Amino acid sequence: MDDPATPASESAEREPLPGAAENTGDVPDARAYAGYLLGLADDAMVYAQRLGEWMTNAPQIEEDMALGNVALDLLGQARGLYPYIGSIDGTGRGEDDYAMLRDEREWRNVHLVEQERGDFADEMARLLWFSAYQVELHTALAGSSDDVVVGVAGKALKEVRYHLDHASLWVVRLGDGTEESHRRMQAALERVLPHLAELFDDDESSVRAAQLGAGVLPSTLHDAVVARVTRVVEQATLTLPDGSRWHSRGGRAGIHSRPMGSLLAELQHIARSHPGATW
């Protein structure tokens, strides 16, 4: 088995993402479509911020570097989309405007990615589900009618396959390890459960993007994502928890949980303290 703390070369050798292109034609229902892309970019941006918190906090220095690389991959996905979104929604905003100058209710990420950093098992459970979702998402977006989205998805797919492999190796190592690591990995799978259903909710923006042939309905990804996660969980001698009695909702509409406020305060503090500064 490969060492799960060793980043793949495709994550270490980065190339510019093909985003940041301008929209050169009229986009039907531009506001809805921009909202769809904003959700994808915000998922990546917020989770990159959370994963960055593992620097110096991971169980070994190699894992500090590995999770830092995953965070950089996600940051690159967001940067590839934000300027393009600004050209679609008519605001002309760039990546710094979207990342640093929006208030909480303007963000469109799901609740899963904004939750506070727990223990290492919690993070591997979250990364397992989110990366499995992103693998299926970007595989589907490779057939988008939007060339910019196709370019971003093609680059991202190589990266998120590594993210999934990395999380899978750790979940198996912890689940099929000691009695204590097994218990904690199982508990982590149960704690992440309430935040999963939102990944597959079809909101108005995703429905319209799918109708345009540019996006994909999240609900159509559900079965393939669950199948991927189930294979890993079974290999780890763990049990996939049953459905939660409640699940988070509203992230795509700008309704967030308590941790989102403190996350944005840390993310945006320098930029808001020095308006207009460049570096």
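Here the residue numbering is sequential within each chain, running from 1 through the sequence in written order. Only residues with pLDDT of at least 70 are given local features in this predicted model, and only at 80 or more are side-chain atom pairs given and counted; all residues enter the totals for whole chains, interfaces and linings. Water and hydrogen atoms play no part in the side-chain values, which are based on all heavy atoms of the structure.

## Quick look at helix α8 (residues 204-211)
Under the scheme applied here, a residue whose accessible area is under 20% of the maximum for its type counts as buried, over 50% as exposed, and between as partly exposed, the area being computed with a 1.4 Å probe on protein chains only. Helix and strand assignments follow DSSP, with helices taken as H or I runs no shorter than four residues and strands as E runs no shorter than two, numbered in order from the N terminus. Of the residues making up α8, those classed as buried are Ser205, Ser206 and Ala209. Mapping the buried residues of α8 onto a view down its axis gives an arc of 95 degrees, with all of them on the same face. The exposed residues of α8 that point more than 90 degrees off its buried face are Glu204 and Gln211. In this fold, the buried residues of α8 make contact with α2 (30-52). Downstream of α8 by one or two residues, Gly213 has phi in the positive range, about 80 degrees. Comment: arc refers to directions from the helix axis out to C-beta atoms. Contact definition: two residues touch when any of their heavy atoms are within 4.5 Å.

## Digging into the pattern of salt bridges
By definition here, a salt bridge exists when the distance from a side-chain nitrogen of Lys or Arg to a carboxyl oxygen of Asp or Glu is within 4 Å. Here the structure, examined in full by the defined rule, presents 15 salt bridges. The partner of Lys155 in a salt bridge is Glu159, with the nearest N and O atoms 2.7 Å apart. On the criterion of helical spacing, the pair formed by Lys155 and Glu159 is a turn pair, its members being 4 residues apart in helix α6 (residues 147-175). Across the pair, exposure class does not vary: Lys155 and Glu159 are buried alike. Put simply, Asp119, Glu180, Arg183 and Arg184 are held in one network by salt bridges that share partners.

## Comments concerning the confidence of the model for the protein chain
Note on scores: pLDDT gives the predictor's confidence for each residue, bounded by 0 and 100. On average, the protein chain scores 89 in pLDDT, and the residues at 70 or more come to 90%. This model gives residues 4-25 a pLDDT under 50, and the stretch forms 49 contacts once residues within four places in sequence are excluded.

## Quick look at helix α5 (residues 120-141)
Take the residue count of a helix, subtract one, and multiply by 1.5 Å to get its expected span. When the terminal C-alpha atoms of α5 are compared, their 31 Å separation across 22 residues agrees well with the 32 Å that a helix rising 1.5 Å per residue should span. Within α5, 20 of the 22 residues are buried, leaving the element largely enclosed by the surrounding structure. Polar contact is the term for a pair of N or O atoms within 3.5 Å; when the atoms are in protein, one must be able to donate a hydrogen and the other to accept it, and sequence-neighboring residues count only if both atoms are side-chain atoms. Where α5 begins, the side chain of Asp119 points an oxygen toward the backbone nitrogen of Ala121, at a separation of 3.1 Å.

## Side note on the environment of Ala66
With respect to the helices and strands, the residue Ala66 is situated in helix α3 (residues 61-88). Sequence-wise, Ala66 and Met55 are 11 residues apart; in three dimensions their C-alpha atoms are separated by 9.4 Å.

## Some details on the packing of aromatic side chains
Aromatic rings from Phe, Tyr and Trp, taking only the six-membered ring of Trp, are treated as a pair when their centres fall within 6.5 Å; an angle between ring planes under 30 degrees marks them as stacked, one over 60 as edge-to-face, and anything in between as tilted. Following the criterion strictly, the structure yields 6 aromatic pairs and no others. Plain terms: the ring middles of Tyr82 and Tyr98 are 5.2 Å apart, the flat faces sit at 10 degrees to each other, and that makes the pair stacked. Note that Tyr82 is positioned in helix α3 and Tyr98 in helix α4 (residues 95-100), a separation of 16 residues in sequence. Taken individually, Tyr82 and Tyr98 each receive the classification buried, so the pair is uniform in this respect. Ring-over charges, as used throughout, are those where CZ of Arg or NZ of Lys falls within 6 Å of the ring centre and within 35 degrees of the ring normal. Taking NZ or CZ as reference, Arg173 lies 4.7 Å from the ring centre of Trp170, over its face.

## Notes on the packing of α6 against helix α7 (residues 179-192)
Lines fitted to C-alpha atoms define the axes here, with helix axes fitted over just the stretch in contact, and angles between the N-to-C directions of these axes take values from 0 to 180 degrees. Contact pair α6 / α7: the axes reach a minimum separation of 7 Å and the direction vectors enclose 130 degrees. Viewed along their axes, α6 and α7 adopt a mutual orientation that is oblique. Together, Val171, Arg173, Leu174 and Gly175 of α6 and Ser181, His182 and Met185 of α7 make up the contact between the two elements. Any angle from 65 to 115 degrees is called roughly perpendicular, while one under 35 is roughly parallel, one over 145 is roughly antiparallel, and all others are oblique.

## Focus: the packing of α5 against helix α9 (residues 222-235)
Where α5 meets α9, the axes come as close as 9 Å, and the angle between the chain directions of the two elements is 135 degrees. In terms of orientation, α5 lies oblique with respect to α9. In terms of crossing hand, the pair formed by α5 and α9 is right-handed. Residues Leu128, Trp129, Ala132, Tyr133, Val135 and Glu136 of α5 pack against Ala224, Val225, Val226, Arg228, Val229 and Val232 of α9. Only Asp, Glu, Lys and Arg are considered charged in this grouping, and only Ala, Val, Leu, Ile, Met, Phe, Trp, Tyr, Cys and Pro are considered nonpolar; every other residue, Gly among them, is considered polar. When grouped by side-chain class, the residues that make up the contact of α5 with α9 number 10 nonpolar, no polar and 2 charged. Take the far helix as the reference: if the near one is turned anticlockwise from it by less than a right angle, the crossing is left-handed, and if turned clockwise, right-handed.

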